[in-house]
Structure formats: structure tokens, C-alpha cells
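Breakdown of the fold
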Amino acid sequence: MTAVADSPVTPAERSTVRAACPQDCPDTCAMLVTVAEGKAVEVKGDPDHPFTNGGLCVKVNNYLDKVYDPGRVLFPLRRTGPKGSGRFERITWDAALDEIAARFTAIAEEHGPEAIMPVSYLGTQGILNGLNVGDPFFAKLGATVAERTYCDSGACTAYAMTIGDTAGVDPESLVHSRFILVWACNIMSTNLHLWPYIAEARRGGAKVVVVDPVRTRTAAAADQHIALRPGTDGALALAMANVIITEGLTDDDYIANHTVGYDAFVERVAQYTPEWAEIETGVPADTIRTLAREYAGAQPSVIRIGVAIERHAGGGQTVRALACLPGLVGAWRKPGGGILQLPLWAFPVNWGAFMHPEMLTPGKRVVNQFQLGEALTGGLALDPPITALMVYNSNPVVVCPDQDTLIEGLKRDDLFTVVSEQFMTDTAEYADIVLPATTQLEQDDIMFSWGHLYVTYNHRAIDPIGEAVPNTELFRRLAARMGYTEPVFRRTDQEMIAEAFDWSHPHMAGITVESLKERGWQRLNVAPPESYAPHAEGNFPTASGKAEFVASAAAGGNFVLPLFRQGSNDHQPGQPVDPLPHYIPPRESVHTDPELAARYPLNLLTPKAHAYLNSSFGNLTFHRQVQKEPNVLIHPDDAAARGIGDGDPVRIFNDRGEFTVLAKIDDAVLPGVVVSSLGGWRKHSKASATLAAVTPTAFADLGNAPTFSDTLVEVEIA
Amino acid sequence: MAYVVTDACVDVLDRSCVEECPVDCIYQGDRMMYIHPDECVDCGKCMPACPSDAIYWEHKIPDELAVFTAAAAEFVRAQQLGGGAADTSVGVDHPIVDERKPR
Ligand code: SF4
Ligand code: SF4
Ligand code: SF4
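Per an unreviewed UniProt entry, the recorded name for chain B is Ferredoxin, and the organism is Pseudonocardia asaccharolytica DSM 44247 = NBRC 16224. Among the UniProt annotations of chain B, the heading Function (unreviewed entry) holds the following wording: "Ferredoxins are iron-sulfur proteins that transfer electrons in a wide variety of metabolic reactions."

Looking at an unreviewed UniProt entry, one finds chain A named Molybdopterin oxidoreductase, with Pseudonocardia asaccharolytica DSM 44247 = NBRC 16224 as its source organism. Turning to chain A, the UniProt annotation filed under Sequence similarities (unreviewed entry) states: "Belongs to the prokaryotic molybdopterin-containing oxidoreductase family." Its UniProt record, at the heading Cofactor (unreviewed entry), says of chain A: "Mo-bis(molybdopterin guanine dinucleotide)".

In this section: empty space enclosed by the protein. All names here are of chain A. Inspection of the entire model under this criterion finds seven cavities of 30 Å³ or more. Roughly 620 Å³ of volume is contained in the largest cavity. Along the walls of the largest cavity sit 44 residues, with Gly-123, Asn-393, Ser-394, Ser-615 and Ser-616 positioned nearest its centre. Secondary structure elements with two or more residues in the lining of the largest cavity: helix H1 (63-67), helix H16 (396-399) and strand E16 (416-421).

Close to ligand 2 lie Tyr-3, Cys-21, Pro-22, Val-23, Cys-25, Ile-26, Ile-35, Cys-40, Val-41, Cys-43, Gly-44 and Cys-46 of chain B, which account for all nearby residues. Considered class by class, the residues forming the shell around ligand 2 number 11 nonpolar, one polar and no charged.

So, about the interface of chain B and chain A. With 16 residues of chain B at the interface, the matching set in chain A holds 20 residues. When chain B packs against chain A, close to 1,400 Å² is buried across both sides, 56% of that on carbon and sulfur atoms. The closest approach of N and O atoms between Arg-203 of chain A and Asp-24 of chain B, which form a salt bridge, is 3.3 Å. Counting across the chain B and chain A interface gives seven residue pairs in polar contact (both at pLDDT 80 or more). Tallied by class, the residues present in the side of chain B that touches chain A amount to eight nonpolar, two polar and six charged.

All names here are of chain B. Across chain B, the average pLDDT comes to 91, with 99% of residues at 70 or higher. Mean pLDDT across the elements of chain B ranges from a minimum in helix H2 (residues 46-49), with 89, to a maximum in strand E3 (residues 33-35), with 97. The ipTM value of the predicted complex is 0.81, and its pTM value is 0.93.

With that settled, consider the nonpolar core. All names here are of chain A. Core analysis: the largest hydrophobic core is formed by 220 residues, its most contacted members being Leu-181, Trp-183, Leu-328, Leu-389, Leu-441 and Ile-446. In terms of residue count, the dominant contributor to this core is helix H8 (residues 233-246) (10 residues). Viewed by domain, this core spans two of them, domain 1 (153-345 + 533-564) and domain 2 (594-717), each represented by three or more residues. Not counting residues within four places of it along the chain, the set of residues in contact with Ile-446 comprises Gly-126, Ile-127, Leu-128, Val-455, Thr-456, Tyr-457, Ile-497, Ala-500, Phe-501, Trp-503 and Leu-516. Ile-116, Val-366, Leu-435 and Phe-489 belong to the second largest nonpolar core, which has 36 residues in total.

The rules behind the values
- Residues numbered from 1 in each chain as written.
- Chains lettered and ligands numbered in written order.
- Predicted model: local features only at pLDDT ≥ 70, side-chain atom pairs only at ≥ 80, totals over all residues.
- Heavy atoms only, no water.
- UniProt positions renumbered as here; feature names shortened; annotations may be inferred.
- 1 Å grid on protein atoms, 1.4 Å probe; cavity = no way out; pocket = protein on both sides within 12 Å on 5 of 7 lines; lining within 4 Å.
- Points joined across faces, edges and corners; volume = space filled by probe spheres on them.
- Helix = DSSP H or I, 4+ residues; strand = E, 2+ residues; numbered from the N terminus.
- Near = heavy atom within 4 Å.
- Nonpolar A, V, L, I, M, F, W, Y, C, P; charged D, E, K, R; others polar.
- Contact = heavy atoms within 4.5 Å.
- Buried area = accessible area lost by both parts, 1.4 Å probe.
- Salt bridge = Lys/Arg side-chain N within 4 Å of Asp/Glu carboxyl O.
- Polar contact = N/O pair within 3.5 Å; in protein donor to acceptor, adjacent residues only side chain to side chain.
- pLDDT = per-residue confidence, 0-100.
- Core = buried A, V, L, I, M, F, W, Y, C linked by side-chain atoms within 4.5 Å.
- Buried < 20%, exposed > 50% of the residue type's maximum accessible area, 1.4 Å probe, protein only.
- Domains from an automatic or database assignment.

Structure representation (C-alpha cells):
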């Protein structure tokens, strides 16, 4: 490898720059970017990185298509036509900043600063430019706090209540697992680099079972696929616990020494028999028994959950039940045993240095972003109403539920909307001011991972294109224009990188900014995969230090981790939480709401697309070609009953809205289930709507997780 | 959607690509490798690994080689391949490969 550049190389040199994929994906791949004469000419995976292993994925192999796409927003723009018309004129950064500062100041004076709200998520997930990049600015401004619970918030609350915020299992330890239970996670499309570890375990004799309502690529590749009705995962998990206890398959020594609340748990799960679960899930009782026996018997066993599992009414309690299972059978004793949710918790990220929660005004109101449409249109009683939005790292028109209401809100003439973006997204089209944002190749950053245990450094490979700026620079400029003088608003990117981690934490031993810059990535200083078993002797980061069947943290009621709400702990949802795992059926199902199901009999699932990452890449020609025209998978029986043929345009609708895609008749889905992948843009859709038009804004039971998978619809020929 | 092996592989068969594939979807015919189009996950690792530059992405394959895209699909269907490649050859090839002169 040639010299690694810290900043853009001098033209004419050809060099390789160490970088990191910025997408909201567990794999956080280490990338190598080749730069020639100031232009990036190749992006590939780092072959030396154990997890990335030289491969990226279908989304990012063509990252240069994104960087150099002619559709990039390269200059600040001001709207010239009606909202949504897409008519803009180029303005200078000075003019844009003046206008934003003047409007924010005037709105704050007239209505109070909470009339302004940030809207953002993880369009880029670097520690500098990602989740918390705007938090100090909006805290200082006194804006409404945005609660951002798109992904894993519900699972995090549930998981933390049960076993604490532990990294759980090292994904690389999966080669040592004897039984791998992949639960509602399409690894081959969304966690690709984990598969080789699973494949290796399998070659060594491990059994791989996939639980998913859909026969995904991952389910098709497994030894066994257990298809269950959407949203009934909790019933299956609790019935597994029932079998394990009834048949005496428990690790009594582990339970006695490293768990609390076992007796109450035994009493609770007695009602969840396999026969009961069969009626609820559609999975035969004998299949459930065999699954429980094999899971308990083949140690170490591991459960891999993805982000889909929380997306229904009882998603939180489902994760609680699943997080109890490893303790029940002593799976934690050995490397490769336990539950794999977010290895993120092993990283001592210095979140406080980025959120600065102490800058928040105590008691500041909190609005969840799923309710943005309602917040803008009077559906939420807000005083003062929202009068200004600042959107960055997100394309809410595509990813937020209740699309029609959101569009109605964004069209409001009295709403001042600023969008910082790489492209003219469906959301940016409704902006008053659009600001140009850099891609990962044009910015420095440093990355945690939520799918492995390596810290990764992202060197800026090329100069920003046009007048694009990293999010860090965007907020430095805005803060300066607002007259904010605190040191936090004047930090350079390098100063922020120096603050990114608690470098004195034992996990960071041997890792410095300098070593990361040079090597690109380093494994946290934790035990190697062959001996990584942090809970072999308990030591859970819970109040009791044990795995809690009865969760002590439930006493304070439901909560969202402050990380997902700018560090605020005010106005938590707070509703009472039963401290014992239990079953909460889906809200929209024939069992819970027969009247609704009579009108809308089909369960819609909206998983991540193979070629898009949420809505990222959904605009690029190449990625659209790979992903093909948006479609809906429908079972042959359901299609026949509706006279739908393969390839027919169909209308998918419920009381919230409708969207139109092509039908794909496929028995990979259960009868009664339809599947349409997320990420296609509204402007490319048939009939100006995407699946967000029909998904609900209602929360799941814990952590204000979304209930995207708890959606009934009807489908008919368009 | 998939990567596609083309005729530069014929009679080479050094299996460098097989080493790289995370999902074992590259099947060996008598004289050429075939990537299972439904099992390939588009990770792109096999392409740079091939010393013969025989592998292309379906979406970027030169027109004159596009026949191999269809050939792979036909071959895996005809031979009923799936579920992970074995270490051994299937023993036959697609007719398009049979036509090639030995190297
Ligand atoms: S999206 Fe995920 S798999 Fe693809 S390159 Fe980025 S981190 Fe790797
Ligand atoms: S692209 Fe990846 S999955 Fe497809 S054949 Fe090549 S190595 Fe295998
Ligand atoms: S690496 Fe290339 S030449 Fe070698 S077997 Fe694979 S496709 Fe054929």
C-alpha cells in the first residue's frame, strides 16, 4: 500500500486512502479509496480487515456513482417556485446563512425557540457527522428536542432492561456457535459480512435456523426456516421458554448464580404453551418443541436479532423474551453463546462531547419524528406550533410513516424548512433553503460499529465537490452566524476526533488517533473471538449485575435511551411496564381487530431493500436498475383471489393512504402477508406515493419504536 | 441479480473466485465456473480475485458476453444446482461452453 494521506493528496500523485463506509449498516466496512490527480478512481473493501475481508456490498461497490453523480446538490439553493415544485436558484453560502439565521432568530423571538425543530437520523453514521452532529446547536437555540427512534430504540430499551447495555456476543465468535438462531434478520442483504462466520460454523456442524415470515435469501440458505405470522415473534420466544422450563432443559446453576426473578418468570411463561403459540404464530407446536430442545441442547447457542423485530405493538417485550433465553440455558458460558444485538455497546464513545445534554433547557418539549406529519398539521397539540424545520442526515418523506400528512405539513407556506443534502430528495424539494452536503470521501470521520468490534477511521480522500460541506462545518457556520461563541461550536474536525472516545477506557488500550489514522482500523482491546465470553460468570451491566427476568429498570416506566433524543431525559413516555416478559399481540391483526382485518386482510411488511440503504441510493440509476421497479410480493393464493397477475400494477391501501407498485407473485411469503421493500423515492413512484403512505405512526410498547410491520392493507389491481 | 463468469474461465478453473465467495454460490462445471444468479449476493469479491478477468457484474457486462448471464441461469436450472457449491465438478457444461475449442 502506498502512503496514507491525512488530507487530500497533492494532484498527480496516485495514492490509496483508508476510509470507512458511512452507511447505517452493522458491517461498517473498511474501505480503500484510490485517488489519482485529486479524483477518486476506485473504492473497494480492505482485504486485510477481518470482518470486511475485501468485500463491500451491492450498495457501496459503486460508491463513486454517488460521489460523482450529476444530480449532487453542490451549491446552496433558494426556492423560487411553490413548495414541492423543485424550482430553486443558486445562492451564496453567505446569503443562505444570513437568511437561516434571520428566520431562526425571528421565529424564536415571535413564537419561542421550540417552534424550531431538527429532523435527522443516520444518513451518515460517523461519530462526527452522524446522529448527534446538530445537538449542541439545537440545545443552545432552545429548539424542540427531536426524538429519533427509527432503529433499535425499542430493542435497546428492552435489551437494557434485561441484560444491560452489553455488547453481548462478538459476531466473530459465531464460528464457535453450535446452534445459530437468526431471528427476523435478512443477513445476506443487510449484514452480509456476518454470513461467512455463520457458514464456517455450519461447516463445523452448527445448525442454522431462520425465523422470518418471509423466505428471504437468508432463510433459503439456512438449514431450517420457520415462517410465522408477522408480529407474533414474542409468542414463539415465550413458548420456547415454556418448553425449556417444562422439559427441564435449563442450566440451573447459571440461573441460580447469574439471573434474578426466575421463579416469577416460570410462573409467567406457564401459560405460553406450544399449543397456544401454534394458534398465535401459525408454527406447529411440535416444531416449537423441537426448536426449543435444539436451541437449549446445542451449546453454545446464539440468537441474532436484527432491527425488524421491534416493529410491531409488542416488539419491546419480544426482545425482552429473547434476551432471557440465553440465561435460561446458560448460553453465555462460552464464546459464541448468547444474544447478538448491538456490539456498539463495547465502544466507549464519548457521546456527551457530541450531544452536550447539559446545554439543553430543562423541561424542553420533545417531539418524536414519526409524528412529524401530525406535528406540522395540528394533529399533535403543540404550543407554539412548529414553524421551522432543519433537516439533515434524513429523508423523512420516504422514511417517516404517514406520508400524506407529512407532505401536507411540508407544503405549509408559513413553514420555514432548511434541508442539508447530497441530493434533491423528496424532502429537499419542499425546502426553502437547500444546503450542499459532502459524501464520505469528502470528509474526515471516525466510526463505531454496531456489527463488529473494530474502530474505523475515515480519511478525507478528495476535496469537497462544489461548495458541499461536512455536517460538522455546516453547524460551525450556522453557530457562528447565530453569534454562538461557546468553544463547542468552534471545534475543528480534528479536535472532535480527539474527543470521540474515552481513550483511557480499557477497551481503547493500544488505540490512539495516530494509530487509527495509520492503520485505518483496530480491534477494541477485548478478548479475542475464541475466548470472548463476557458473561460466562454473569457480570451483566444491570442494577443487579445479573440477567434480569424481572427487570428492575421497568420500575420507572417506559423510556427511550437519551442517546436517541439529543441526551434529554425529560418527558419520557413513562407508561407503566410489566417487569416480566409477556406477549402483546400485533395491533393490526385479525385476532386483535377483526373489523379492520375484514376491510384490510393482508399484513404488509416493509423490509430493507437489497440495493438501497433505507432511502440512500434510491435515486441512483445503477442502484435502481439492480433493485428494479418497486414491487410487492404476494402469495399465489392471495393474488388469484384478487385476479392479480404477475407484473400487474397494484394499489396497496388502507385508511391512512395508498401506493402503487408492481405485483410479484411469490410463495416466499405466507398467505395473508405482502412484502414491499423500503427505499424507493416518491418522485420515481407510480401515483406519487411510497409505502410510507400506509404505515402507522403508532409506537411499539417500548422505546417508542415504530410499528411499520404492524400494518394491515388491501391490494387490488390499479 | 448476480455476478457472471464468462469464457475467459474456460479450461482455467483455478477456483480463486470460490475461495472468496462468502455464500458458496460458484459452481464448477466441467470446463467453466457458474455463479448461481439467485444465490449470489452481489458482494463483488470474486471479480477482483479472478486472475483471468472472467467475472463481470451482470449490470456492467459487455454486450458480447451477455449470453453468459442467461447461460448461468439456464445451467443452474438444468442441473438443479443450489444450496451451496460442492468442491467437485458437476461434470458437464452449458452448450455455449461445449462449443468452445479446448485451450
Ligand atoms: S453498506 Fe454495509 S455492507 Fe455495504 S459497504 Fe457499507 S458497511 Fe459494508
Ligand atoms: S459477487 Fe460475491 S456472492 Fe456473488 S459470486 Fe461473487 S463472491 Fe459470490
Ligand atoms: S477465478 Fe476466474 S478463472 Fe479462476 S475459476 Fe474463478 S472464474 Fe474461473
